[in-house]
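# Remarks on the overall topology
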Amino acid sequence: QQGQLKAAMLEARNIIQLKPDDAQGYVLLASIYNDLGVSAAVYKLLEPKLDSLPEVSTELAQAYLNGQKYRSALNVIAEHPATNSEDKRRQAKIASLSSVYLGENDEAGEYIGTLKSIEGSGADVAVVEATSALAQGKSEDALEKLNAALLTNPENLELLQLLGSINVYNRNLDVAEQHLTKALGLLPKTDIITSQRLAVLTLLTETLIQLGRTSEAYTYQKVIAEANPESNAA
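Let us look at the structure shown here. On a predicted model such as this, the values are computed, not experimentally measured, just so you know. (Residues numbered from 1 in each chain as written. Predicted model: local features only at pLDDT ≥ 70, side-chain atom pairs only at ≥ 80, totals over all residues. Heavy atoms only, no water.)

### Some points on the overall build of the chain
- Check the secondary structure of the chain and you find 13 helices and zero strands.
- Sequence-ordered secondary structure for the chain, helices as α and strands as β, is α-α-α-α-α-α-α-α-α-α-α-α-α.
- A globule of 234 residues ought to have a C-alpha radius of gyration of about 17 Å, and the chain, at 18 Å, matches this closely.
- With respect to the principal axes defined by its C-alpha atoms, the chain has extents near 55 × 45 × 25 Å.
- Taking all 234 residues of the chain together, the buried fraction comes to 46%. (Helix = DSSP H or I, 4+ residues; strand = E, 2+ residues; numbered from the N terminus. Rg over C-alpha atoms; globule rule 2.2 N^0.38 Å. Buried < 20%, exposed > 50% of the residue type's maximum accessible area, 1.4 Å probe, protein only.)

Next up, the structure:
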């Protein structure tokens with residue numbers, strides 16, 4: 001929570017060493033790997049443990065989604081459904097997005113229906129429905145859904161990042177910069193750059209360059225260049 005990911009990974013490995021038959025350490029370590037965007041490390045960590053520790057299924061499914069292995073994500077969720085409410089919400093979202101990316105619209109609709117039935121999933125529903133709209137070339141519909149969700153979830157990082165991305169694509173650069181700058185300010189500072197921070201920094205850099213603010217863009221480019229090698233090594 002303090003952003004000390006190196007220390008957190010060390011402690012998670014200690015948990016695994018002390019309690020190799022408990023899912024807690026594996027889930028914690030895999031969640032950090034997912035934040036860093038190193039999906040292959042999650043596969044290696046969790047695939048051998050999935051049958052004996054089904055509680056790791058959500059983090060493994062998240063890694064498959066991040067790694068564009070959408071069918072694998074759906075299979076893991078189908079074979080090892082979550083039992084607690086938070087993981088049920090995450091699995092419904094992962095399954096919805098995986099189906100959207102596979103072009104399986106009927107299945108996506110069913111998963112979105114499940115997601116809508118889970119309390120507190122409004123922002124997630126907006127992200128999935130906007131992603132589906134984008135896949136069909138309906139960027140205005142996507143913006144409408146995201147902007148509506150942002151009114152009740154003004155500090156949701158995923159909404160801000162997606163809005164920034166769409167507005168960059170639509171050349172609404174001033175609007176994109178507002179969303180991305182806000183997202184960057186909300187992101188926690190960590191000793192290893194996370195994949196989400198890297199994505200926001202990259203989008204913001206592109207936006208500033210297109211706005212002609214190259215000196216500001218260079219500052220962020222330097223951060224990316226300095227941080228990325230350590231992320232890959234981790």
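### Section: the layout of surface pockets
- Computed from the structure, the largest pocket encloses a volume of approximately 1900 Å³.
- Lining the largest pocket are 44 residues, and of these Asn34, Asp35, Gln62, Ser195 and Gln196 lie nearest its centre.
- Elements that contribute at least two residues to the lining of the largest pocket include exactly α1 (5–18), α2 (23–36), α4 (57–66), α6 (85–102), α8 (122–135), α10 (157–169) and α12 (195–210).
- Among the elements that make up the lining of the largest pocket, the one with the highest residue count is α6 (eight residues).
- Within the lining of the largest pocket, the residues separate by chemical class into 17 nonpolar, 18 polar and nine charged. (1 Å grid on protein atoms, 1.4 Å probe; cavity = no way out; pocket = protein on both sides within 12 Å on 5 of 7 lines; lining within 4 Å. Points joined across faces, edges and corners; volume = space filled by probe spheres on them. Nonpolar A, V, L, I, M, F, W, Y, C, P; charged D, E, K, R; others polar.)

### Quick look at the nonpolar core
- By size, the foremost hydrophobic cluster in this structure holds 41 residues, and its most contacted members are Leu45, Leu46 and Leu60.
- Of all the secondary-structure elements, those providing two or more residues to this core are α1, α2, α3 (39–46), α4, α5 (70–79), α6, α7 (105–116) and α8.
- No other element matches α2, which puts seven residues into this core.
- Those residues in contact with Leu60 that sit more than four places away from it in its chain are Val42, Tyr43, Leu46, Glu47, Leu50 and Val76. (Core = buried A, V, L, I, M, F, W, Y, C linked by side-chain atoms within 4.5 Å. Contact = heavy atoms within 4.5 Å.)

### Looking at the side chain of Ser99
- If you trace the backbone, Ser99 turns up in helix α6.
- Its relative accessible area of 0% is what places Ser99 among the buried residues.

### Quick notes on the side chain of Asn167
- By the secondary structure assignment, Asn167 is in helix α10.
- Of the residues examined, Asn167 reaches a relative accessible area of 6% and is grouped as buried.
- A distance of 2.8 Å separates the side chain of Asn167 from the backbone oxygen of Leu163, its partner in a polar contact. (Polar contact = N/O pair within 3.5 Å; in protein donor to acceptor, adjacent residues only side chain to side chain.)

### Here's the deal with unusual backbone geometry
- A positive phi angle is found at Gln68, which is not glycine, with a value near 65°.
- Within the secondary structure layout, Gln68 lies in the loop between α4 and α5.
- Of note in the backbone geometry, Arg171 takes a positive phi value of approximately 70° without being a glycine.
- Classification of Arg171 by relative accessible area gives exposed; the value is 54%.

### Here we look at the packing of helix α9 (residues 139–152) against α10
- Axis separation between α9 and α10 bottoms out at 10 Å; the angle between their running directions is 150°. The orientation of α9 with respect to α10, classified from their angle, is roughly antiparallel. Crossing geometry of α9 relative to α10 is assigned as left-handed. Contact with α9, carried on its side by Ser139, Ala142, Leu143, Leu146, Asn147, Ala149 and Leu150, involves Leu159, Leu160, Leu162, Leu163, Ile166 and Asn167 of α10 and no other residues of that element.
- Its residues assigned to classes, the contact of α9 with α10 comprises ten nonpolar, three polar and no charged. (Axes fitted to C-alpha atoms, helices over the stretch in contact; angles between N-to-C directions. Parallel < 35°, antiparallel > 145°, perpendicular 65-115°, else oblique. Left-handed = near helix turned anticlockwise from the far one by under 90°.)

### Focus on the pattern of salt bridges
- Enumeration according to the criterion identifies ten salt bridges in this entry.
- Arg90 is the salt-bridge partner of Glu59, the closest N and O atoms lying 2.8 Å from each other. Of this pair, Glu59 sits in helix α4 while Arg90 is found in helix α6, placing the two residues 31 residues apart along the sequence.
- For Arg90, a relative accessible area of 18% puts it in the buried group.
- Here Lys116 and Glu129 are joined by a salt bridge, their closest N and O atoms 3.1 Å apart. With Lys116 in helix α7 and Glu129 in helix α8, this pair connects stretches of sequence that are 13 residues apart.
- Taken together, the salt bridges that share partners define one network made up of Glu86, Arg89, Lys93, Asp124 and Glu158. (Salt bridge = Lys/Arg side-chain N within 4 Å of Asp/Glu carboxyl O.)

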